[in-house]
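Below, each chain spelled out in residue letters.
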Amino acid sequence: PKYTKAYVRRMTAYEKTDQSEEALRDAKEALNLDPQNKEIRKHVNRLQKVEDERMEKLKEETMGKLKDLGNSILGNFGLSLDNFKAQQDPSTGSYNISFQN
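Predicted, not measured: the structure shown is a model, and the values here were computed from it.

Participant: Which residues make up the nonpolar core, and what values do they have?
Facilitator: Counting eleven residues, the largest nonpolar core consists of Tyr7, Met11, Tyr14, Ala23, Leu24, Ala27, Ala30, Leu31, Ile40, Val44 and Leu47. Elements represented by at least two residues in this core include exactly helix 1 (4-16), helix 2 (20-33) and helix 3 (38-74). Counting residues per element, this core draws most heavily on helix 2, at five residues. In this view, alanine 23 contacts Met11, Tyr14, Glu15 and Leu47; residues no more than four positions away in its chain are not counted.

Participant: Before we move on, could you go through unusual backbone geometry and cite the residues and values that matter?
Facilitator: The backbone of aspartate 18 sits at a positive phi, close to 60°, despite the residue not being glycine. Note that aspartate 18 resides in the loop between helix 1 and helix 2. Aspartate 18 gets classed as exposed once you look at its relative accessible area, which sits at 71%.

Reading the values: the criteria
Position labels on residues start from 1 in each chain and follow its written sequence. Only residues with pLDDT of at least 70 are given local features in this predicted model, and only at 80 or more are side-chain atom pairs given and counted; all residues enter the totals for whole chains, interfaces and linings. Side-chain numbers here rest on the full set of heavy atoms in the structure, without hydrogens or water. Working definition of a nonpolar core: buried Ala, Val, Leu, Ile, Met, Phe, Trp, Tyr and Cys residues. They are joined through side-chain atoms within 4.5 Å. Relative accessible area decides the class of each residue, using a 1.4 Å probe on protein chains only: under 20% of the type maximum gives buried, over 50% gives exposed, and in between gives partly exposed. Every helix listed is a DSSP run of H or I at least four residues long, and every strand listed is a run of E at least two residues long, numbered separately from the N terminus. Every residue pair with non-hydrogen atoms within 4.5 Å of one another is taken to be in contact.

This is the structure we're talking about:
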């Protein structure tokens, strides 16, 4: 669609079916077509917050599952992920992992 109204309607439908990523994409596309529209800008800001929260929750859930998987493997050797410490190097963004007793 090339009409903002169509994007906004589809955005609303996506939002009602809990598809926040698709809703945000359509809201941004509608804003690209009509950058002066304050109502669409509000939708983009609101949906961006919803999507950020969803991604953060998904990241936490994934990390929890990965930690459980790591602990189940390391448990065979009498270890746990709690025995390791990861420190991020601020200059490169890479991580240094060290073993702790």
